[in-house]
4 protein chains.
Amino acid sequence: MLRKLLNFRNKLAKNMEYSNNEYTRTTRDVSLHDLSRRLAEFAEVRGWDQYHSPRNLLLALVGEVGELSEIFQWKGEVAKGLPNWSCDDKEHLEEELSDVLLYLVRLADVCGLDLGQAALTKIVKNAKKYPATTVITDHNPTSTSN
Amino acid sequence: MLRKLLNFRNKLAKNMEYSNNEYTRTTRDVSLHDLSRRLAEFAEVRGWDQYHSPRNLLLALVGEVGELSEIFQWKGEVAKGLPNWSCDDKEHLEEELSDVLLYLVRLADVCGLDLGQAALTKIVKNAKKYPATTVITDHNPTSTSN
Amino acid sequence: MLRKLLNFRNKLAKNMEYSNNEYTRTTRDVSLHDLSRRLAEFAEVRGWDQYHSPRNLLLALVGEVGELSEIFQWKGEVAKGLPNWSCDDKEHLEEELSDVLLYLVRLADVCGLDLGQAALTKIVKNAKKYPATTVITDHNPTSTSN
Amino acid sequence: MLRKLLNFRNKLAKNMEYSNNEYTRTTRDVSLHDLSRRLAEFAEVRGWDQYHSPRNLLLALVGEVGELSEIFQWKGEVAKGLPNWSCDDKEHLEEELSDVLLYLVRLADVCGLDLGQAALTKIVKNAKKYPATTVITDHNPTSTSN
């Protein structure tokens, strides 16, 4: 009984959170596990699991990277912070960045991999590969992630 | 003085965490703010900030998506959970997924956008666009993220 | 005078060809120089040359690769010859394949490179790298193009 | 008889051309049918046909687009004609552009589509969509290929 009440309270809280997110835009720190869980639930309740094979999701990801690229395609060099962009353009960019992220998180999940943990491990690996004292001598820095 | 000591302790803790991550593989839940902060610091101490313009990072992201695709390119359909993959292949995949994620997080950051928050907002938007009662009648489900 | 007449005749022929292509669908063999020339002219008469910098075109290419991927994203494995595809779906695919090709040809052109010649050279290089007697022993063939 | 002799002469010429291409770099105009034929033969004699399914080739194409992007990723804006690029860098770029082209041509072929014809049709369609008198009033030109 208590468990049921608690479940109900949690669901209520979650729903409120959902509806609040959209309007209040708090700067809550979002975790990869959280996104992964939400997307799994999202797919399950819609019966979309059957379409979420690794290669289907990968191609969907490539599609979203294409949409992300389209935003930047005719702009020439773009300054950090997007100084002259309209609110609409920034929101559009946020949506495309999100789409890439969501498919990436989902792809890792259906592959059975922990994306957040993998990312931390990669940062550590990169830190060893490119020690902080590295001096860059030309305009082709080594990659942060290769 | 106390502040200095605290800083030192924090750095020490961070370093231990760094070196632990690699070996222990705890399933710590990783947040997007955390990744963003680490990558910003990573770039700053290496003097790489100057190369991290939005379009440079976007092209680097596309490069990593290419490497991710190469893993899947000759495999035909791949089952969820990657049943017959070797540990090496899975680790390789984790690295490429991470590379995409890291550039995506960094791109959002230099654009001044909150990727985690944007992702939550997008999930809410998708939930309204595709109500859970939606019945899929053919094999082309609408996108989870479009 | 004769020159003018000849020019006029050529333009006329070109225009007829243009309008014919669309309807008759002859299987004329198209050359990369021809495409390159047409695209250069297309951009010039519209004043688009100024936007056709290498990185702008590259991002536009990535955008089109995304649209190409979207066609295949929820389909699972697709058989050669696209046996069950509708005419509309095939035409859509032809358009996206063309978009990728057109931006690729244009990118090579603004970089001052001869794409067709480069492609032949690459085929020769690949032929040496992978002699025809190569026996494939597992399901990861070496690439045709790497 | 004459026909046979001519065929023989043509084959001979073709073979010589093959071996010469690499060194002489003539500016022969290359056709899409020719590339398509060569790639089909290339795959067949190596027993690679079995791996050349549409989605395998598409992912291989995405992989090559990634390698193409890597060339441009840390360069900031790049001027037309690649004024300060070394010969090696240009040759590398030619190879990656070629790789994208070869997989694109092969993908169209296994789908049973005529890429060259499709490209001409698309140019005609674009010409109607964006009449030459179109005046561009801002910095976001409509696409040449959309």
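Residues numbered from 1 in each chain as written. Chains lettered and ligands numbered in written order. Predicted model: local features only at pLDDT ≥ 70, side-chain atom pairs only at ≥ 80, totals over all residues. Heavy atoms only, no water.

Let us now look at the overall build of chain A. Secondary structure assignment for chain A yields five helices and zero strands. Listing every helix and strand of chain A by position from the N terminus yields α-α-α-α-α. Every one of the 146 residues in chain A was classed for burial, and the buried ones make up 52%. Total accessible area computed for chain A in this model is approximately 6,800 Å², and 55% of it derives from carbon and sulfur atoms. (Helix = DSSP H or I, 4+ residues; strand = E, 2+ residues; numbered from the N terminus. Buried < 20%, exposed > 50% of the residue type's maximum accessible area, 1.4 Å probe, protein only. Areas by Shrake-Rupley, 256 points an atom, 1.4 Å probe, with all protein chains shown as cover.)

Right, let's talk about the interface of chain C and chain D for a bit. Chain C puts 90 residues into the contact, and the matching count from chain D is 91 residues. Counting the surface lost from both chain C and chain D, the interface buries some 8,300 Å², and carbon and sulfur atoms represent 64% of this. Run the count over chain C and chain D and you get six salt bridges. Here Asp-99 of chain C makes a salt bridge to Lys-122 of chain D, at a shortest N to O gap of 2.6 Å. The interface formed by chain C and chain D holds 26 residue pairs in polar contact (both at pLDDT 80 or more) in total. Looking at the side of chain C that touches chain D, the elements with two or more residues in it are helix 1 (2–24), helix 2 (32–45), helix 3 (54–72), helix 4 (87–110) and helix 5 (115–129) of chain C. (Contact = heavy atoms within 4.5 Å. Buried area = accessible area lost by both parts, 1.4 Å probe. Salt bridge = Lys/Arg side-chain N within 4 Å of Asp/Glu carboxyl O. Polar contact = N/O pair within 3.5 Å; in protein donor to acceptor, adjacent residues only side chain to side chain.)

Further remarks concern the interface of chain B and chain A. Where interface size is given, it is often the accessible area lost as the parts come together that is meant. Across the boundary between the two partners, chain B contributes 91 residues, which contact 91 residues of chain A. Both sides of the chain B and chain A interface together cover about 8,300 Å² of buried area, and 64% of this is carbon and sulfur. Linking chain B with chain A are six salt bridges, by the criterion used here. For the pair chain B and chain A, the interface holds 26 residue pairs in polar contact (both at pLDDT 80 or more). Considering each element in turn, the side of chain B that touches chain A owes the most residues, 15 residues, to helix 4 (residues 87–110) of chain B. Of the residues assigned to the side of chain B that touches chain A, the class counts are 44 nonpolar, 24 polar and 23 charged. (Nonpolar A, V, L, I, M, F, W, Y, C, P; charged D, E, K, R; others polar.)

On to the environment of Asp-109 of chain D. Turning to its location among the elements, Asp-109 of chain D is positioned in helix 4 (residues 87–110). If we ignore the near neighbours within four places in the chain, the residues touching Asp-109 of chain D are Ser-36 and Ala-40 of chain D.

This paragraph deals with the pattern of salt bridges. Going through the model one piece at a time under the given rule, you end up with 36 salt bridges over all chains. A salt bridge links Lys-122 of chain C to Glu-95 of chain D, with the nearest nitrogen and oxygen atoms 3.8 Å apart. You can see Lys-122 of chain C sitting in helix 5 and its partner Glu-95 of chain D sitting in helix 4, one on each of two chains. A cluster of three or more residues bridged by salt bridges with shared partners is formed by Arg-28, Asp-34, Arg-37 and Arg-38 of chain A.

What follows deals with the relation of the copies chain B and chain A. Least-squares fitting of chain B to chain A yields an RMSD of 0.0 Å, with the superposition described by an axial translation of 0.0 Å and a rotation of 180 degrees. Here the symmetry operator amounts to a two-fold rotation axis. Residue Ser-31 of chain B of chain B places its C-alpha closer to the rotation axis than any other residue of that unit, at 1.9 Å. Both copies share a contact surface, since 100% of the interface residues of chain B are interface residues in chain A too. (Least-squares fit on C-alpha atoms with pLDDT ≥ 70 in both.)

Another aspect to go through is helix 5 of chain C. All names here are of chain C. Its 15 residues place the ends of helix 5 21 Å apart at the C-alpha level, agreeing with the 21 Å of an ideal helix rising 1.5 Å per residue. What helix 5 keeps buried is the set Leu-115, Gly-116, Gln-117, Ala-118, Ala-119, Leu-120, Thr-121, Lys-122, Ile-123, Val-124 and Asn-126. For helix 5, the N-terminal cap is Asp-114; the gap from its side-chain oxygen to the backbone nitrogen of Gly-116 is 3.3 Å. (Expected span 1.5 Å × (residues − 1).)

With that out of the way, let us pick up the packing of aromatic side chains. Applying the stated criterion across every chain, the model contains 16 aromatic pairs over all chains. On the numbers, 5.5 Å between centres and 70 degrees between planes, the contact of Trp-48 of chain A with Tyr-130 of chain B is edge-to-face. On the criterion of chain membership, the pair formed by Trp-48 of chain A in the loop between helix 2 (32–45) and helix 3 (54–72) and Tyr-130 of chain B in the segment after helix 5 (115–129) is interchain, its members lying in two chains. For the pair shown, Trp-48 of chain A and Tyr-130 of chain B are each scored as buried. Each member of the aromatic cluster is reached from another via a ring pair, and the members are Phe-42 and Trp-48 of chain A together with Tyr-130 of chain B. A cation over a ring is seen here: Lys-75 of chain A above Trp-85 of chain A, with NZ or CZ 4.7 Å from the ring centre. (Phe/Tyr/Trp six-rings, centres within 6.5 Å; stacked < 30°, edge-to-face > 60°. Lys NZ or Arg CZ within 6 Å of the ring centre and 35° of its normal.)

What follows deals with helix 3 (residues 54–72) of chain D. Compared with an ideal rise of 1.5 Å per residue, which puts 19 residues at 27 Å, helix 3 of chain D spans 28 Å between its outermost C-alpha atoms and is within 8% of the ideal. Counting buried residues in helix 3 of chain D gives 18 out of 19 residues, a clear majority hidden from the surface.

It is worth spelling out unusual backbone geometry at this point. In this structure, Leu-82 of chain A is a non-glycine residue whose phi angle is positive, near 50 degrees. Take Leu-82 of chain A: it is sitting in the loop between helix 3 and helix 4 (87–110).

A separate point is the relation of the copies chain C and chain D. The two copies are related by a screw motion: chain C maps onto chain D through a turn of 180 degrees and a shift of 0.0 Å along the axis, at an RMSD of 0.0 Å. A share of 100% of interface residues in chain C that are also interface residues in chain D marks the association as one of identical surfaces.

Assignment of secondary structure puts Asp-114 of chain B in the loop between helix 4 and helix 5. Between the C-alpha atom of Asp-114 of chain B and that of Leu-32 of chain B, which follows or precedes it by 82 residues, the distance is 8.7 Å. Those residues in contact with Asp-114 of chain B, other than ones at most four positions away along the chain, are Thr-27 and Glu-94 of chain A together with His-33 of chain B. In this structure the side chain of Asp-114 of chain B is engaged in a polar contact, spanning 3.0 Å, whose partner is the backbone nitrogen of Gln-117 of chain B.

Residue and element names in this part refer to chain A. Confidence in the prediction of chain A, expressed as mean pLDDT, is 83, and 73% of residues score 70 or more. This stretch, residues 8–25, has a pLDDT under 50; its non-local contacts, to residues over four places away or in other chains, come to 19 contacts. Interface scoring of the predicted complex returns ipTM 0.78; its pTM is 0.80. (pLDDT = per-residue confidence, 0-100.)

On to the packing of helix 3 of chain A against helix 4 of chain A. Residues and elements named next belong to chain A. Two elements in contact, helix 3 and helix 4, have axes separated by 9 Å at closest approach and are oriented at 160 degrees. One element, helix 3, and the other, helix 4, form an angle in the roughly antiparallel class. Between helix 3 and helix 4 lies a crossing of left-handed hand. On helix 4, the residues touching Pro-54, Leu-57, Leu-58, Ala-60, Leu-61, Glu-64, Val-65, Glu-67, Leu-68, Ile-71 and Phe-72 of helix 3 are His-92, Leu-93, Glu-96, Leu-97, Asp-99, Val-100, Tyr-103, Leu-104, Arg-106, Leu-107 and Val-110. Split by residue class, the contact of helix 3 with helix 4 holds 16 nonpolar, one polar and five charged. (Axes fitted to C-alpha atoms, helices over the stretch in contact; angles between N-to-C directions. Parallel < 35°, antiparallel > 145°, perpendicular 65-115°, else oblique. Left-handed = near helix turned anticlockwise from the far one by under 90°.)

Here we come to the packing of helix 4 of chain A against helix 5 of chain B. Two quantities define a packed helix pair, namely the angle between the helix axes and the distance between the axes. For the pair helix 4 of chain A and helix 5 of chain B, interaxial distance at closest approach is 8 Å and the crossing angle is 85 degrees. Relative to helix 5 of chain B, the element helix 4 of chain A is oriented roughly perpendicular. Contact residues: Glu-94, Glu-95, Leu-97, Ser-98, Asp-99, Leu-101 and Leu-102 of chain A in helix 4 of chain A; Leu-115, Ala-118, Ala-119, Lys-122, Ile-123, Lys-125 and Asn-126 of chain B in helix 5 of chain B. Counted by class, the contact of helix 4 of chain A with helix 5 of chain B contains seven nonpolar, two polar and five charged residues.

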